[in-house]
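An overview of the molecular structure
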There are 2 protein chains.
Amino acid sequence: MSVTIKDVANRANVSPSTVSRVISNNSRISDATKERVRAAMAELNYQPNLIARSLTNKSTKTLGLLLPGSKADLLLNPFFVQAMRGISSYAKEKGYYILFTHADNDEDEVEVLSNLVGSQWVDGIILTTVKDNDKSIAFLQYRKHPFVVIGKPDDEKITYWVDNDNIKAMYDVVDLLIKKGKKNIGFIGGSHEFKVTKYRLLGYLKALKINNIKADLNLIYEKDYTEEAAYEATKEMIEYQTPDAIVTTDDLIAFGVQRALLEQGIEDVSLVGFNNTVISQYKKPSISSVDINAEKLGMFAAKLLINQIEDTPMETNNYIIDTKLIERDSTK
Amino acid sequence: MSVTIKDVANRANVSPSTVSRVISNNSRISDATKERVRAAMAELNYQPNLIARSLTNKSTKTLGLLLPGSKADLLLNPFFVQAMRGISSYAKEKGYYILFTHADNDEDEVEVLSNLVGSQWVDGIILTTVKDNDKSIAFLQYRKHPFVVIGKPDDEKITYWVDNDNIKAMYDVVDLLIKKGKKNIGFIGGSHEFKVTKYRLLGYLKALKINNIKADLNLIYEKDYTEEAAYEATKEMIEYQTPDAIVTTDDLIAFGVQRALLEQGIEDVSLVGFNNTVISQYKKPSISSVDINAEKLGMFAAKLLINQIEDTPMETNNYIIDTKLIERDSTK
DNA sequence: GTGAAAGCGCTAACAC
DNA sequence: GTGTTAGCGCTTTCAC
């Protein structure tokens, strides 16, 4: 049997409520008893039962982290891992635990959330992707459960979120390529279903427009988030016309593009990925990539969520995290 | 206010205990009332409060996953990520949540564990590394708290654990190299502090012995788990003598070795890593590596732990997970 | 400044 | 079969 607040109370010759007050550092307790209680706690090696505390407080000091279903490469994508690290660090600092869970597929996601929320197991939830018309966001909004998403949601005014400025990030990349003399720039993105694809496409289009280059729909592809889909898209694109640069929305996609290019013996096409994965620097040629600062995204997500849970006044409902193009041989 | 068991009871005109019985599918409840209660639950959209349930049951159906401190590359090492995936899948299937936490450094680790255990927040704990004279294991043993470790512990009879057969895995690698005609084989491992280093070194020594090759201490290094340390070790080793093969205990180490070799213009030294990271296949030349099946390690760790928690009779206190050498250009 | 008592939502022993 | 009751360990009114 573990030691409870009652045991401490007995030992210190006070009532349980007094012990509770000492724990929460309540002011109107005399220093003398405070000392006595603390001593008793130390002697008995008392540790509060957080479950019991959670039940009374209706707060578990736990954040739910939902990783998306379906994507087999989920945990292989360093983005999630780095984000988790940021979340975990900040949460720990603030005394929160992280409940880690994953959906088996897209349909499963709301189900998982419903259990998490309904069971009252977590004070808030962190979503790691945003889709068009996101069912999970809709659900959490409906349930009025605190949450934050990594990615810019539809209703950017209401929802709490953190994201990079994806339009600008891609704009800068394309603009740079144009300044370097590239004129026919292809775009290969992941599924349009993901917001991030959309915003990066917008940045691409914007850069073309400002530089008076007409967008060519035959140079724009939005397929799956896989190396294979990107490989196929590239082959198709090349059949129509070989661009002098290709920008992508993910390193994984860039890998597929590079494979297709090399196979065709094409060498002078610039290439840019996103997420700055470790592998991109080991490719031949090494691939330039945009570092999205995932750990910082995670940290600030945790921050927004915890502030929200604790009703800390906030000046904003979102944070924009800076990005940085890491140039390598593929854009030299 | 969320709906409680009482609300359901009122609605169905039964007592709370009856509702509770329906939830746990207790046998001696008439089908009629069962139906009525179920209907009420559905209408009210009732979801049990797991915190309350945990308090009475003294079980949270949550597993604590502790990731080690200090190592900055913690989450970058795909081993942990893959293991997490295996753990998470199995746990979910069995209705358990995963509480994810990390220590900031080695001293912090017992502290974190103590809080986790003392707060009664988790039913069991998964440790992801084992050290010589492991403080965390000692602590959990002392507290008699269910736990399982990934890695072979000192007291392999008592503790529950999963691991690869690291002696055999390395033995097979070295034996294969010898069969291929290599005679001077170097060993570069991570810190001796980690059990895994020790076992792999044993496998290395065993293979040499069986093949009547005398071990040469100048060809054996145990340093940090970093690319840099491996790079330095290799340079030192070469100064003494260039081996015709080098085996390592981690891909990261193999990368450092390869860098040193390439810099010296040495090309005919076979090289083998461990963990079969994605990067190893993209290196030039691609690096052969032992796949340790981390996801399976995680799955079986979860299995052992949950069985232990639920007092399911078990025929064993450990599982040995198979490994597989993935041959690439570095051993061709 | 401190204690008594009620209550958080659930389960389980004990009645009937 | 079903209801009554006590209790899990804590916090928090409300007394004094």
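Positions within a chain are numbered from 1, following the residues in the order the chain's sequence is written. Labels are handed out in written order, letters beginning with A for the chains and numbers beginning with 1 for the ligands. Reporting of local features is limited, given that this is a predicted model, to residues whose pLDDT is at least 70; pairs of side-chain atoms are given and counted only at 80 or more, and all residues count toward the totals for whole chains, interfaces and linings. No hydrogens and no water enter the side-chain calculation; it runs on all heavy atoms of the structure.

1. Observations regarding the overall build of chain A
Here a strand is any run of E in DSSP of at least two residues, a helix any run of H or I of at least four, and the numbering for each starts at the N terminus. Counting its secondary structure elements, chain A contains 12 helices and 12 strands. Its C-alpha atoms give chain A principal-axis dimensions of roughly 85 × 35 × 35 Å. Throughout this description, buried means an accessible area under 20% of the type-specific maximum (1.4 Å probe, protein chains only), exposed means over 50%, and partly exposed covers the range between. The buried share of chain A, reckoned over its 332 residues, is 53%. Look at the contacts in chain A between residues 6 or more apart in sequence, and 68% of them connect residues 24 or more apart. As displayed, chain A has an accessible area near 15100 Å², and 49% of this comes from carbon and sulfur atoms. Counting 41 positive and 45 negative side-chain charges, chain A places the centres of these two groups 8 Å from one another. Every residue pair with non-hydrogen atoms within 4.5 Å of one another is taken to be in contact. To be clear on the numbers: accessible area is Shrake-Rupley with a 1.4 Å probe, and residue cover counts the displayed protein chains and nothing else. Under the convention used here, Asp and Glu are negative, Lys and Arg are positive, and both His and the chain ends fall outside the count. Lysine's charge is taken at NZ, arginine's at CZ, aspartate's at CG and glutamate's at CD.

2. What to know about the protein's contact with DNA strand D
Note on terminology: near, applied to a residue and a molecule or strand, indicates that one of the residue's heavy atoms is within 4 Å of it. Taken together, the neighbourhood of DNA strand D is formed by 26 residues, with Ile5(A), Tyr46(A), Ser17(B), Thr18(B) and Arg21(B) sitting nearest. Among the atoms of DNA strand D lying within 4 Å of the protein, the sugar-phosphate backbone contributes 58%. Between N or O atoms, a polar contact is any pair within 3.5 Å; within protein, one atom must be a potential hydrogen donor and the other a potential acceptor, and residues adjacent in sequence are included only when both atoms are from side chains. Ile5(A) places a main-chain nitrogen or oxygen 2.4 Å from a phosphate oxygen of DNA strand D. Backbone polar atom of Asn49(A) to a phosphate oxygen of DNA strand D: 3.0 Å apart, as the coordinates give it. Secondary structure elements with two or more residues in the surface near DNA strand D: α2 (16–23) and α4 (50–57) of chain A together with α2 (16–23) and α4 (50–57) of chain B. Amino acid classes used here: Ala, Val, Leu, Ile, Met, Phe, Trp, Tyr, Cys and Pro are nonpolar; Asp, Glu, Lys and Arg are charged; the rest, including Gly, are polar. Split into classes, the residues belonging to the surface near DNA strand D amount to eight nonpolar, 13 polar and five charged.

3. Concerning empty space enclosed by the protein
All names here are of chain A. In this analysis the probe radius is 1.4 Å and the grid spacing 1 Å, with only protein atoms considered; a cavity is a set of points the probe fits into but cannot get out of, a pocket is an open set with protein on both sides within 12 Å along at least five of seven lines, and lining residues have an atom within 4 Å of a point. Grid points are joined across faces, edges and corners, and a volume is the space filled by probe spheres set on the points. Evaluated as defined, the whole model comprises four cavities of 30 Å³ or more. Here the second largest cavity defines a volume of roughly 50 Å³. Along its surface, the second largest cavity is lined by Pro78, Phe79, Gln82, Asn275, Asp291, Ile292, Asn293 and Ala294. With three residues, the single largest contributor to the lining of the second largest cavity is helix α5 (residues 78–93). Class assignment of the residues belonging to the lining of the second largest cavity gives a composition of four nonpolar, three polar and one charged.

4. Quick notes on the sheet that holds strand β3 (residues 124–127) of chain A
Sheet strands associate in pairs through backbone hydrogen bonding, adopting either a parallel or an antiparallel arrangement. With mixed pairing, 12 strands are arranged side by side in an open sheet as β11(A)-β5(A)-β4(A)-β3(A)-β1(A)-β2(A)-β2(B)-β1(B)-β3(B)-β4(B)-β5(B)-β11(B). A single partner strand is all that each edge strand has here, and the edge strands are β11 (318–321) of chain A together with β11 (318–321) of chain B. Ignoring which end each strand starts from, the neighbouring axes of this sheet average 20° apart. Only when DSSP finds a minimum of two bridges between them are two strands counted as paired. Here, axes are lines fitted to C-alpha atoms. For helices the fit covers the stretch in contact, and angles between N-to-C directions go from 0 to 180 degrees.

5. Re the nonpolar core
Here, nonpolar core refers to any group of buried Ala, Val, Leu, Ile, Met, Phe, Trp, Tyr and Cys residues whose side-chain atoms link them within 4.5 Å. If you look at the biggest cluster of nonpolar residues, it comprises 134 residues, and the most contacted ones within it are Val174(A), Ile188(A), Tyr204(A), Val247(A), Val174(B), Tyr204(B) and Val247(B). Non-local contacts of Val174(B), meaning those with residues more than four positions away in its chain, are made with Ile185(B), Tyr204(B), Ala207(B), Leu208(B) and Val247(B). One finds Leu116(A), Val122(B), Leu127(B) and Val130(B) within the second-largest nonpolar core, a separate group that totals 40 residues.

6. Notes on the interface of chain B and chain A
When the parts come together, some accessible area is lost, and that loss is often what is quoted as the size of the interface. Each side of the interface is counted separately: chain B has 45 residues, and chain A has 46 residues. For the pair chain B and chain A, the summed buried area comes to about 4300 Å², and 63% of that belongs to carbon and sulfur atoms. On the chain B side of the interface with chain A, the three residues burying the most area are Ile51(B), Tyr97(B) and Trp121(B), jointly 16% of the side's total. A pairing counts as a salt bridge when a side-chain nitrogen of Lys or Arg comes within 4 Å of a carboxyl oxygen of Asp or Glu. On inspection of chain B and its partner chain A, the count reaches four salt bridges. Accessible area that two parts lose when put together, evaluated with a 1.4 Å probe and summed over both, is termed the buried area.

7. Overview of the sheet that holds strand β9 (residues 270–274) of chain B
Residues and elements named next belong to chain B. Strand order in the open sheet made by the six strands is β7-β6-β8-β9-β10-β12, with mixed pairing throughout. Two strands bound the open sheet, and with one partner strand each, they are β7 (220–222) and β12 (324–326). Neighbouring strand axes in the sheet, compared pairwise and without regard to direction, differ in orientation by 20° on average. When β9 meets strand β10 (residues 288–291), the two strands line up parallel, connected through three bridges. Following the sheet pairing, phenylalanine 274 is matched in β10 by valine 290.

8. Digging into the relation of the copies chain B and chain A
A least-squares superposition brings the copies together, and it is based on the C-alpha atoms of residues with pLDDT no lower than 70 in both. Once chain B has been moved 0.1 Å along the axis and rotated by 180°, it coincides with chain A to within an RMSD of 0.1 Å. The transformation just described matches what one would write down for a two-fold rotation axis. No C-alpha of chain B approaches the rotation axis more nearly than that of Leu99(B), which lies at 2.3 Å. Taken as a fraction of all interface residues of chain B, those also at the interface in chain A reach 100%, which identifies the copy contact as same-surface.

9. Looking at the packing of aromatic side chains
Between the rings of Phe, Tyr and Trp (Trp by its six-membered ring), a pair exists once the centres lie within 6.5 Å; its type follows the angle of the planes, with under 30 degrees stacked, over 60 edge-to-face, and the other angles tilted. Tallied over the full model, the rule gives 10 aromatic pairs over all chains. Ring geometry for Trp121(A) and Trp121(B): centres 5.7 Å apart, planes at 0°, overall stacked. In this pair, Trp121(A) sits in the loop between α6 (106–118) and β3 while Trp121(B) sits in the loop between α6 (106–118) and β3 (124–127), so the two residues belong to two different chains. Classification of Trp121(B) as buried rests on a relative accessible area of 2%. Centre to centre, the rings of Phe79(B) and Phe80(B) are 5.0 Å apart; their planes meet at 65°, and the pair counts as edge-to-face. Take Phe79(B) and Phe80(B): they sit in the same class, and that class is buried. Taken together, the aromatic side chains of Tyr97(A), Trp121(A), Tyr97(B) and Trp121(B) make up a single cluster linked through ring pairs. Whether a charge sits over a ring comes down to the Lys NZ or Arg CZ being within 6 Å of the ring centre and within 35 degrees of the ring normal. The ring of Tyr199(B) has Lys152(B) sitting right over it, with the charged end atom 5.2 Å from the ring centre. Positioned above the aromatic ring of Tyr231(B), the side-chain terminus of Arg259(B) is 4.0 Å from the ring centre.

10. Focus on the protein's contact with DNA strand C
Taken together, 26 residues are adjacent to DNA strand C, and Thr18(A), Arg21(A), Thr33(A), Ile5(B) and Tyr46(B) come closest. Considering the 4 Å shell around the protein, atoms of DNA strand C inside it are sugar or phosphate in 67% of instances. Within the side chain of Ser17(A), one N or O atom sits 3.3 Å away from a base nitrogen of DNA strand C. Within the side chain of Thr33(A), an N or O atom sits 2.7 Å from a phosphate oxygen of DNA strand C. Elements supplying a minimum of two residues to the surface near DNA strand C: α2 and α4 of chain A together with α2 and α4 of chain B. Broken down by element, the surface near DNA strand C gets its largest block of residues, four residues, from α4(B).

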